[in-house]
Amino acid sequence: MNQVEILRFALRGLLANKMRSALTTLGILIGVAAVILLVAVGEGSSRSIQQNIQRLGANTLTISPSFSGGGGFGGPGVGGGGNTGPRTQARPLTLADAKALTDRAAAPSVRSVSPVVTAGSATAAYGAASHSVAQLVGTYPSYFEATNKPVEQGTYFFNDDVLAARKVIVLGRTVVEELFGTVDPVGKQVSVSGVPFTVVGVLKEAGSSGTQDADDVAVAPLPAVQQSLSGFGSLSSIVVQATGAAATTTAQAEVTAVLNQRHGVTTSPDYRILNQATLQETVSEATGTFTVLLAAVAAISLLVGGIGITNIMLVTVTERTREIGIRKAVGAPRGAILGQFLMEATLLSLVGGLLGVLVAFAGTRFAIAGIQPVLVPSSVALALGVSVGIGLFFGGYPANRAAGLRPIQALRHE
């Protein structure tokens, strides 16, 4: 008996019990689809988090004040990760601190330094329209490159605007849509908390980050914001751009040394440093582990489907015992009987696997829990291969049992 005949007998056996075959296929379908979809959700989640981190730049350090002992970002001596001892005095971040970090002799790995003040929520108005801007930022022109905020329309402001404290402003896409609609905002004048600013540019759309709209932002020269809105107090943060991604760790050490000396730090620093590169590596490792756990959980359903194949095939062998006896009595070899039942089990798992891939592919077209799944080709190949392997493995025992039946005993079976 050749392979074509074995396949024909296997198909005839499966079609003789359509409902049973369909239910067995459904079990494998669910398992395969679950594995592929959950891996896709994990991959989508990982990419979303990494994109959010990259928005601030892979070679960027963000320094912010920390007035509580201990905690912070970075390592020991950078944000208090290693020391939890008391501080004698906490100093805020100042413009002088930012200028000290531009010293090439003290910090050769630093490319640019952008002092930042945030005025929190400010109301912007144009004509009859008004909008509460989630974040009003006062800073230097280097901020746009350091934080990966390119201008899509118009231009950003320049150092001359900073020196002259000109009231010019660059708006995020959300602010533009709320105030101007389809009108070109460049050159128009908006009122920010009662202070007139001229729009010189519009930021490229960044998208949302969870519940936070990254486009609901306005950026203006630091002195203009300090004079009109925030006052000349301490800085909210300092954004430091390293000369390259590989130099980020070195730049962090240089920044730490400069600030420790200026702030007289002897125990726990009164600032913290967020290293984007380190954070991205940590997140990548965590999301990778998360994806593996999701796939492991989903793989349990594949195992359940395999047990279902065993049960169904055992029932099938029992029901067709007389048929097996007749075929063996007329000369069917053991290999033909074994091959037929293995073929049936494999076909069930293969069809279920292929349908599972189609269902998973359709599922990745939709967002799941706010995450857009990303199909991982290796997960498709692995899930499909495992489903076929499950058919062979779990169909092996029933197939061996069928092939081992003695013709006389099989023919006497009722």
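Worth saying up front: this structure is predicted, and the values here are computed from it rather than measured.

Rules used in this analysis
Residues numbered from 1 in each chain as written. Predicted model: local features only at pLDDT ≥ 70, side-chain atom pairs only at ≥ 80, totals over all residues. Heavy atoms only, no water. Helix = DSSP H or I, 4+ residues; strand = E, 2+ residues; numbered from the N terminus. Buried < 20%, exposed > 50% of the residue type's maximum accessible area, 1.4 Å probe, protein only. Contact = heavy atoms within 4.5 Å. Areas by Shrake-Rupley, 256 points an atom, 1.4 Å probe, with all protein chains shown as cover. Core = buried A, V, L, I, M, F, W, Y, C linked by side-chain atoms within 4.5 Å. Salt bridge = Lys/Arg side-chain N within 4 Å of Asp/Glu carboxyl O. Patch = residues over 30% accessible without salt bridge, like charges linked within 9 Å, V, L, I, M, F, W, Y side chains within 5 Å. Pairing = 2+ DSSP bridges. Phe/Tyr/Trp six-rings, centres within 6.5 Å; stacked < 30°, edge-to-face > 60°. Lys NZ or Arg CZ within 6 Å of the ring centre and 35° of its normal.

Caption draft 1: Summary view of the overall build of the protein. Secondary structure summary: the protein contains 13 helices and 14 strands in total. Burial analysis of the protein (414 residues in total) assigns 44% to the buried set. In the protein, 78% of the contacts between residues at least 6 apart in sequence involve partners at least 24 apart. As displayed, the protein offers around 19,600 Å² of accessible surface, 60% of which is attributable to carbon and sulfur atoms.

Caption draft 2: Local environment of the nonpolar core. If you look at the biggest cluster of nonpolar residues, it comprises 41 residues, and the most contacted ones within it are Ile63, Leu101, Ile169, Ile238, Val240 and Val255. Once residues lying within four places of it in the same chain are set aside, the contact partners of Val255 are Leu61, Ile63, Leu101, Val110, Val240 and Ile273. One finds Ile28, Val32, Leu348 and Ala402 within the second-largest nonpolar core, a separate group that totals 21 residues.

Caption draft 3: Representation of unusual backbone geometry in the model. In this structure, Ala165 takes a positive phi of about 55° despite not being glycine. Mapped onto the fold, Ala165 is located in the loop between helix 5 (159–163) and strand 7 (168–171). Residues other than glycine seldom take positive phi values, yet Ser193 does so here, at roughly 50°. Within the element layout of this structure, Ser193 appears in the loop between strand 8 (189–192) and strand 9 (195–203).

Caption draft 4: Seen up close, the pattern of salt bridges. Tallied over the entire structure, the rule returns four salt bridges. One salt bridge connects Arg111 with Glu145, and the closest N-O pair in it is separated by 3.1 Å. Taken together, the residues span a long stretch of sequence, with Arg111 in strand 2 (residues 110–118) and Glu145 in helix 4 (residues 142–146) at a distance of 34 residues. According to the relative accessible area criterion, Arg111 is partly exposed, its value standing at 48%. With a shortest N-O distance of 2.8 Å, Glu152 and Arg173 are connected by a salt bridge. Remark: Arg173 occurs in helix 6 (residues 173–180) and Glu152 occurs in strand 6 (residues 151–154); sequence separation between them is 21 residues. Glu152 gets classed as partly exposed once you look at its relative accessible area, which sits at 48%.

Caption draft 5: Representation of helix 7 (residues 222–230) in the model. Buried residues of helix 7: Leu222, Pro223, Ala224, Val225 and Gln226, and no others. Summarising the contacts, the buried residues of helix 7 are in contact with helix 3 (95–100), strand 2, strand 5 (135–139), helix 5, strand 9 and strand 12 (217–221). One or two positions beyond helix 7, positive phi appears at Gly231, with a value near 85°.

Caption draft 6: How the structure looks around a nonpolar patch on the surface. Among the surface-exposed residues, Met19, Leu23, Leu26 and Ile30 lie close enough to one another that they form a single nonpolar patch of about 420 Å² accessible area. Along the polypeptide, Leu26 turns up in helix 2 (residues 18–54). Residue Leu26 is classed as partly exposed on the basis of its relative accessible area of 42%.

Caption draft 7: Quick look at the pairing of strand 9. Where burial is concerned, most of strand 9 is hidden: seven out of the nine residues are buried. Two strands pair when backbone bridges link them, and strand 6 and strand 9 are joined in this way by three bridges, in the antiparallel orientation. Looking across to strand 9, one finds that Gly154 is bridged to Gly201. In terms of strand pairing, strand 7 meets strand 9 through four bridges, oriented parallel.

Caption draft 8: The packing of aromatic side chains, seen in detail. On inspection of all chains with the given rule, the structure shows five aromatic pairs. Between Tyr126 and Phe180 the ring centres are 4.3 Å apart and the planes differ by 40°, which places this aromatic pair in the tilted class. One end of the pair, Tyr126, is in strand 3 (residues 122–126); the other, Phe180, is in helix 6, and 54 residues separate them in sequence. Measuring from centroid to centroid gives 5.3 Å for Phe144 and Phe157, while their planes differ by 70°, and the two rings are edge-to-face. Placement of the pair is Phe144 in helix 4 and Phe157 in the loop between strand 6 and helix 5, with a sequence separation of 13 residues. A single burial state applies to Phe144 and to Phe157, both of which are buried. What links up through ring pairs into an aromatic cluster is the set Tyr143, Phe144, Tyr156, Phe157 and Phe158. The ring of Phe361 is capped by Arg365, whose NZ or CZ atom sits 4.6 Å from the centre of that ring.

Caption draft 9: Representation of the pairing of strand 8 within the structure. Only one face of strand 8 is covered, namely the face carrying Val190 and Val192; the face carrying Gln189 and Ser191 is uncovered. Relative to strand 8, strand 3 is paired through two bridges, and the arrangement is antiparallel. Paired with Ala124 across the bridge in strand 8 is Val192. Bridge count for strand 8 against strand 9 is four bridges, and the pairing is antiparallel. Bridged to Val190 within strand 9 is Phe197. Taking the residues between adjacent antiparallel strands as the criterion, strand 8 and strand 9 are bridged by two residues, where Ser193 takes a positive phi near 50°.

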